[in-house]
Each structure stands twice: as C-alpha cells, then as structure tokens.
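Residue-level listing of the chains:
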Number of protein chains: 2
Amino acid sequence: MAGTDRTRANASVAGAGGPVIVLVRPQLSENVGMVARAMMNCGLGELRLVAPREDHLSGKGPAATSGAHVILENATVHDTTAEAIADLNRVFATTARRRDMVKIVQTPRRAAGTLRELVSRGERVGILFGPERAGLDNDDVALADCLIEAPLNPAFSSLNLAQAVLLVGYEWFQAESDAPPEQVIVNGTRPAEKHELLNFFGHLERELDACGFLRNTDKRPGMVRNLRNIFERAGLTEQELRTLHGVVKELRHGRRDPAWSEHVREQTPTPD
Amino acid sequence: MAGTDRTRANASVAGAGGPVIVLVRPQLSENVGMVARAMMNCGLGELRLVAPREDHLSGKGPAATSGAHVILENATVHDTTAEAIADLNRVFATTARRRDMVKIVQTPRRAAGTLRELVSRGERVGILFGPERAGLDNDDVALADCLIEAPLNPAFSSLNLAQAVLLVGYEWFQAESDAPPEQVIVNGTRPAEKHELLNFFGHLERELDACGFLRNTDKRPGMVRNLRNIFERAGLTEQELRTLHGVVKELRHGRRDPAWSEHVREQTPTPD
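- Within an unreviewed UniProt entry, the label attached to chain A reads tRNA (cytidine/uridine-2'-O-)-methyltransferase TrmJ, and the organism entered is Phaeovibrio sulfidiphilus.
- Recorded in UniProt under Sequence similarities (unreviewed entry), the annotation for chain A is "Belongs to the class IV-like SAM-binding methyltransferase superfamily. RNA methyltransferase TrmH family."
- Quoted verbatim from the Subunit (unreviewed entry) heading of the UniProt record, the comment on chain A is "Homodimer."

Okay, structure coming up:
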C-alpha cells in the first residue's frame, strides 16, 4: 500500500487528545522508529519511552520512521512506567498472554470505541506496549485500567512491536473514519444511465444479427439475455460504454486482412 | 503483544481455502519473512511471490519469520502476476494511491466479509500486494476484481509491506472471530454475589464506626454511599472480597507500633 499524498491535510496527526503510545523498555531503536511510522499512519502523535535499551534517535531508528521522524524527535524518555503515565487519566495495556490477574479485557475494536468515548469526555488516555520479546511484566499490567488483546491465531499470536501498535492505532482510526465500506472510483466519468446501456445493447445486437452470430432464432433470446447480463454485472460508466461502442463498430467494420480473417474463421469455435 | 502458546491448536494456519497472499516484485527477503509472520498471526498459509528481487530463503528472510518459516518454505515463485493468479477465481489488490481506472474499492473490513463469502461458496481467492516503494503498477491492478484501500491518515498512508498484509489478514481473522468484545478474566475465582458484597460493606462500616471515621452523623449516610460506590464500580470477585475483609481486619486489629501510629496521625488529613 505505497503512496502518501503529502499535500493532503495532516490535521489529525498532531494527535491532540489521541492516545499516548507508551513503549515500555523497547529493545531496538529500529522498532521504535517503525512504531513512529505506524503511529503517523493512524494519526497518533505522542510517543513516550520507558527505559529504552537504545537511544531512539541513533542507529536505525530515524530511518525506520520512513518520514515520521517528528514523532521520534518529540518522544519523551522516562525512568519508570509510573512516571510515563503520571498525567494520564486512563491507561490500557496490550498483551497476548493471559495474566494471573482480575482484569477487563477488550478487543482492539472495542477498546478503540472506549478510548474515543473517554477522549470525548476530556480524559487523557494512554496505551502501554511491552518489550519485543517478553511483553509487559505483571507490575506494568497492574497499572492499567483495562487490557487489550487482539483475536489472532491462538497458536501464533506474537506480534512485532510496530505491528501491535499498528493494529491498535488502525482500530482507533477506524472508530472515527467515515470512509464508505465500498465505493466505485469513476475517475472523471459517471456511472452509465440505463438508456445509455440499452442503446449499447441495441447496437451490439444489431451487429451480431448482421454478422450472423445470432442466426439461431430458437436460441437468440437466451443468448441476448446472457450477453446483457455480462454487461449489466460490469457496472459500466458512460465513458466505458463509448469505448465499447467503438469496439463493436471496429470489430464489425474495421480494416480486414483477408488471409487473417480466413485463419480466424478456422480457429474460432462456432457459437453453440 | 508477545506470547504464543505453541501447544494450542493451529488448525486455521493450514490456511486451506483462505486468501492466497501474492507479493508482486518484493524487494527485500526480510520483508517477505515479516509477511510470513503476519500471515501466520492471521491464520493464512499460502504465499506466492512474483519475481522477487532477493531469494526469500536467503539473507534476513527466514529469521524475520520469527518461527513462521513453514510459510516461507512452501511459498512458490512465479515470473508474472498473471501466472501467480492463474488458478484463482477472484483477486483483490491493495493500494494506497487512486488509479486512473474504474474499479470497486472496499475497506479491509468490507473486503474481509466479501472474501469470507466468496470462500464459503468455494471460490479460490487471492490478494495482491505491490513492491515496497512504489506499490502495484497499473497493469497488475487491472488484473484485480476489486481494490482494497485502508482508511488511514491521508497525509501519511504508506504502509510497510508486512503491515499492509497484517491489516488485511487481521480483518480476515476478525470476520470469523467469535472473541467477545469485552470480557473479564476472573482467574480461577468468580464474580462476587451481592450478598457477599453487602456482607463486606457491613464489615467495613462496622469497623469505620468503631474507629470513629464515621462519627459525623450528618455526613455518615453520604460517606457510606460514596464508599459503597467505589467498591461497586470495581466489579469485585469473591477472592478479592476475602482479601478486602483481611485488609480491613488487619488495619483495625493488627500489630501497632505506637510511635508509627503517632506519626500517621500527624500526617493524615482528617476526613472532610
């Protein structure tokens, strides 16, 4: 899914009010950089690091942001998880392992809705992500109001750090997205109107009568319906109909090489 | 989200009937390995590569699978996209850039539902992903029945290859997941019954009366209600109630160091 339009508004990226992403003891600066990229994809702006093993502004970190370096540069570093979340009202913790604790667990989708609600009431929220290998330890989990657990292959649910951030951020973004689930790109033209489609059917069927394709009068009605169904299903635009008119016209009346015509006649199975 | 339970059933990972993931001209074997990991996370098993720049079984590819190497080993390599999709019935293509084409575009969520429907009818489906930098070219896109476009920050929508695969695979998995959106881990115990909670309130309030905390009779009813609301909101388990009984009992009747008691009295603001 390459492609970023840097001329488009980047308003949501300020991340004002959105969840703060808190990485607890991340190991590799490259992973922190990839987290910054995933955050920018999802319109999240505020990153906090608890006791990172590597300097996030060195090594492979900045390159891994793929352009989201502003998030890395503005990231703050903290000694403890408690310090990193001190100013927040609610904290969620991501985990793939069940803990020996009594906790509410939400899917990323439900958690996204909960977080949107909390933010709309003016609460400051954050999400904890553990180190790459082991995940959050139980003392960090105990600081959270709620756990987030993604339903994934139970036999292989361990996600890369940036991918865990992406899933949670993706659901955060979807929870407010007004993108229609399905649309048709019509690319400067417009969907055909039925009279235009019927006009094309008329043209096609006249030429098919003229060239003999529909000569079997018993089968003609069924063949016509089958052809019409093909083009009905295609959801054609006005521009495409004009192209198809041209295709039919040129196939029927365009230049012919007599030898090639003979060859095609031999190779093509006759209809039915 | 670390944590994978390798003893749990891995049935869905065979990926039988699930979408085939087709990577068109991937550049780095490390990215192909990360795609295999994301596929395994989402219960997808079949990977095809069109003209990869690097050998996917060399370099950083196998290590990047983090244990999903079986998907890499079973991946097939093809010269052209047309060859890679030849046996499929429907093909979706992921893209972040709008193309000069008339195409249906679905969100990953809607596409997951569509793909599940097609698979349930016995169709073989596949999803195309383009090279890391440029995405799919227009000739590859034209081979697809439908496009998938993830609603993300429009000013920064370019996803890492494995992350694009993860989002689509995640939605594929969610479309059949029966995970409850919210649950409470009760960890071997059970939610408390109301008579147990009321019994605890009785214990707490008796001791607070005895120690003088509730001595202001005008304010007593409101203070009691406030305290009860705190513990009502907590959604306590039977085990936690037993712990709280112990806390109250020990606070009230446990061992005391006279000097420490004096110090606490000086430091603690009196109620109200």
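Further notes follow.
### Describing the domain arrangement of chain A
Piece 1. Domains assigned within chain A are domain 1 (14-174) and domain 2 (194-267).
Piece 2. Computed over C-alpha atoms, the centres of domain 1 of chain A and domain 2 of chain A are 58 Å apart.

### Observations concerning helix H8 (residues 194-211) of chain A
All names here are of chain A.
Piece 1. When the terminal C-alpha atoms of H8 are compared, their 26 Å separation across 18 residues agrees well with the 26 Å that a helix rising 1.5 Å per residue should span.
Piece 2. Burial in H8 covers these residues: Glu-196, Leu-197, Phe-200, Phe-201, His-203, Leu-204, Glu-205, Glu-207 and Leu-208.
Piece 3. The elements touched by buried residues of H8 are helix H9 (220-233) and helix H10 (238-253).
Piece 4. Positive phi appears at Gly-212, one or two residues downstream of H8, with a value of about 100 degrees.

### Quick notes on the relation of the copies chain B and chain A
Piece 1. Between the two copies, chain B and chain A, the superposition gives an RMSD of 0.1 Å; the rotation angle is 180 degrees and the shift along the axis is 0.0 Å. Overall, the copies show the geometry of a two-fold rotation axis. Among all residues of chain B, the one whose C-alpha sits closest to the rotation axis is Gln163(B), at a distance of 3.2 Å.
Piece 2. Same-surface contact between copies: 100% of interface residues of chain B are shared with the interface of chain A.

### Regarding the interface of chain B and chain A
Much of the literature gives interface size as the accessible area that the parts lose upon coming together.
Piece 1. Taken together, the contact pairs 79 residues of chain B with 80 residues of chain A.
Piece 2. Both faces considered, chain B and chain A share a buried interface measuring about 6,800 Å² in area, 56% of it formed by carbon and sulfur atoms.
Piece 3. The interface formed by chain B and chain A contains two salt bridges.
Piece 4. Our count for the contact surface shared by chain B and chain A stands at 26 residue pairs in polar contact (both at pLDDT 80 or more).
Piece 5. Contributing elements (two or more residues each) for the side of chain B that touches chain A: helix H1 (29-41), strand S5 (103-106), helix H5 (108-120), strand S7 (146-148), helix H7 (161-174) and strand S8 (182-185) of chain B.
Piece 6. Here the side of chain B that touches chain A gets 10 residues from one element, more than from any other, and that element is H7(B).
Piece 7. Bridge analysis of strand S5 (residues 103-106) of chain A against S8(B) gives four bridges, and the strand direction is antiparallel. Paired with Lys103(A) across the strands is Ile185(B), a residue of S8(B).

### Let's talk about the nonpolar core
Piece 1. Membership of the largest hydrophobic core comes to 80 residues, with the highest contact counts inside it found for Ile21(A), Leu23(A), Leu47(A), Ile21(B), Leu23(B) and Leu47(B).
Piece 2. With near-sequence residues (within four places) excluded, Leu23(B) lies in contact with Val32(B), Val35(B), Leu47(B), Arg48(B), Leu49(B), Val50(B), Phe129(B), Leu161(B) and Val165(B).

### Describing the state of the cysteines
Residues and elements named next belong to chain A.
Piece 1. Taken as a whole and assessed by the stated rule, the structure comprises zero disulfides over all chains.
Piece 2. Looking at Cys-146, it has no disulfide partner, and the nearest cysteine sulfur is the one in Cys-42, 19 Å off.
Piece 3. Overall, Cys-146 belongs to the buried group, its relative accessible area being 5%.

### Topic: the pairing of strand S1 (residues 20-24) of chain B
Residue and element names in this part refer to chain B.
Piece 1. In terms of burial, S1 is a largely internal element, five of the five residues being buried.
Piece 2. Here S1 shows no split at all, with Val-20, Val-22 and Val-24 on one side and Ile-21 and Leu-23 on the other all buried.
Piece 3. Taken together, the four bridges between S1 and strand S2 (residues 47-50) define a ladder with parallel strand orientation. Within S2, the residue paired with Val-22 across the bridge is Arg-48.

### Regarding the sheet that holds strand S6 (residues 125-129) of chain A
Think of a sheet as strands paired side by side through backbone hydrogen bonds, with each pair either parallel or antiparallel.
Piece 1. The strand order across the open sheet built from eight strands is S3(A)-S2(A)-S1(A)-S6(A)-S4(A)-S7(A)-S5(A)-S8(B), with neighbouring strands paired in mixed fashion. Sheet topology places strand S3 (76-78) of chain A together with S8 of chain B at the edges, where each strand pairs with a single neighbour. Adjacent strand axes in the sheet meet at a mean angle of 30 degrees, parallel and antiparallel pairs treated alike.
Piece 2. One ladder, built from three bridges, connects strand S2 (residues 47-50) of chain A with S3(A); its direction is parallel. Paired with Arg48(A) across the strands is Thr76(A), a residue of S3(A).
Piece 3. Strands in contact with helix H7 (residues 161-174) of chain A are strand S1 (20-24), strand S4 (90-94), S6 and strand S7 (146-148) of chain A; relative to S6(A), the strand with the most contacts, it is inclined by about 150 degrees.

### What to know about helix H10 (residues 238-253) of chain B
Piece 1. With 16 residues, H10(B) should reach 22 Å at 1.5 Å per residue; the first-to-last C-alpha distance of 23 Å fits that figure.
Piece 2. Contacts from the buried residues of H10(B) go to helix H8 (194-211) and helix H9 (220-233) of chain B.

### Some thoughts on the pairing of S1(A)
All names here are of chain A.
Piece 1. The pairing of S1 with S6 spans four bridges and is parallel. Bridging across to S6, Ile-21 finds its partner in Ile-127.
Piece 2. Regarding the hand of the β-α-β motif, the stretch spanning S1, helix H1 (residues 29-41) and S2 is right-handed.

### What to know about the environment of Ala112(A)
Residue and element names in this part refer to chain A.
Piece 1. Residue position: Ala-112 is located in helix H5 (residues 108-120).
Piece 2. With 63 residues separating them in the primary sequence, Ala-112 and Ala-175 have C-alpha atoms 6.3 Å apart.
Piece 3. Setting aside residues no more than four positions away along its own chain, Ala-112 makes contact with Glu-171, Trp-172 and Ala-175.

### Points about unusual backbone geometry
Piece 1. One non-glycine residue with positive phi stands out, namely Ala51(A), at about 45 degrees.
Piece 2. Tracing the chain through its elements places Ala51(A) in the loop between S2 and helix H2 (61-64).
Piece 3. For Ala51(A), a relative accessible area of 35% corresponds to the partly exposed category.
Piece 4. One non-glycine residue with positive phi stands out, namely Ser66(B), at about 50 degrees.
Piece 5. Within the secondary structure layout, Ser66(B) lies in the loop between helix H2 (61-64) and helix H3 (69-73).
Piece 6. Using a relative accessible area of 34% as the deciding quantity, one classes Ser66(B) as partly exposed.

### Focus: the UniProt feature "domain: tRNA/rRNA methyltransferase SpoU type" (unreviewed entry) in chain A
Piece 1. When the UniProt feature table is mapped to this numbering, "domain: tRNA/rRNA methyltransferase SpoU type" (unreviewed entry) covers residues 20-170 of chain A.
Piece 2. Here residues 20-170 of chain A runs as 35% helix and 19% strand, with 14 Å between its end C-alpha atoms.

### Focus: the sheet that holds S2(B)
Piece 1. Taking strand neighbours across the sheet as the criterion, the eight strands line up as S8(A)-S5(B)-S7(B)-S4(B)-S6(B)-S1(B)-S2(B)-S3(B) in an open arrangement whose pairing is mixed. The sheet is open, and its two borders are formed by strand S8 (182-185) of chain A together with strand S3 (76-78) of chain B, each paired with just one other strand. Adjacent strand axes in the sheet meet at a mean angle of 30 degrees, parallel and antiparallel pairs treated alike.

Scoring rules and cut-offs
Counting of residues starts from 1 at the beginning of each chain's written sequence and follows it residue by residue. Here chains are named by letter from A upward and ligands by number from 1 upward, in the order in which they appear as written. The predicted origin of the model limits local features to residues at a pLDDT of at least 70 and limits the giving and counting of side-chain atom pairs to 80 or more, whereas totals for whole chains, interfaces and linings rest on all residues. Heavy atoms throughout the structure, all of them, feed into the side-chain values; hydrogens and water do not. UniProt positions are given in the numbering used here, feature names are shortened, and annotations may be inferred rather than shown by experiment. Segment limits for the domains were obtained from an automatic or database-derived domain assignment. Runs of H or I in DSSP of at least four residues are treated as helices and runs of E of at least two as strands, each being numbered from the N terminus. A helix is expected to span 1.5 Å multiplied by its residue count minus one. Only protein chains enter the calculation, and the probe is 1.4 Å; a residue is then buried if its accessible area is under 20% of its type maximum, exposed if over 50%, and partly exposed in between. We call two residues contacting when some pair of their heavy atoms lies within 4.5 Å. Alignment of copies: least-squares fit on C-alpha atoms of residues with pLDDT of at least 70 in both copies. Put simply, buried area is the surface a 1.4 Å probe can reach on two separate parts but cannot reach once they are joined, added for both. Salt bridge, as used here, is a side-chain nitrogen of Lys or Arg placed within 4 Å of a carboxyl oxygen of Asp or Glu. Under this definition, polar contacts are N or O atom pairs within 3.5 Å; protein pairs additionally need one hydrogen-donor-capable and one acceptor-capable atom, and for neighbouring residues in sequence, both atoms have to be side-chain atoms. Pairing between two strands requires that DSSP report at least two bridges joining them. In this text, buried Ala, Val, Leu, Ile, Met, Phe, Trp, Tyr and Cys residues form a nonpolar core when linked through side-chain atoms within 4.5 Å. Pairs of cysteine sulfur atoms within 2.5 Å are what we label disulfides. Lines fitted to the C-alpha atoms define the axes, with helices restricted to the stretch that makes contact. Angles between their N-to-C directions range from 0 to 180 degrees. Look down the strands so they point away from you; if going from the first strand over the helix to the second traces a clockwise path, that crossover is right-handed.

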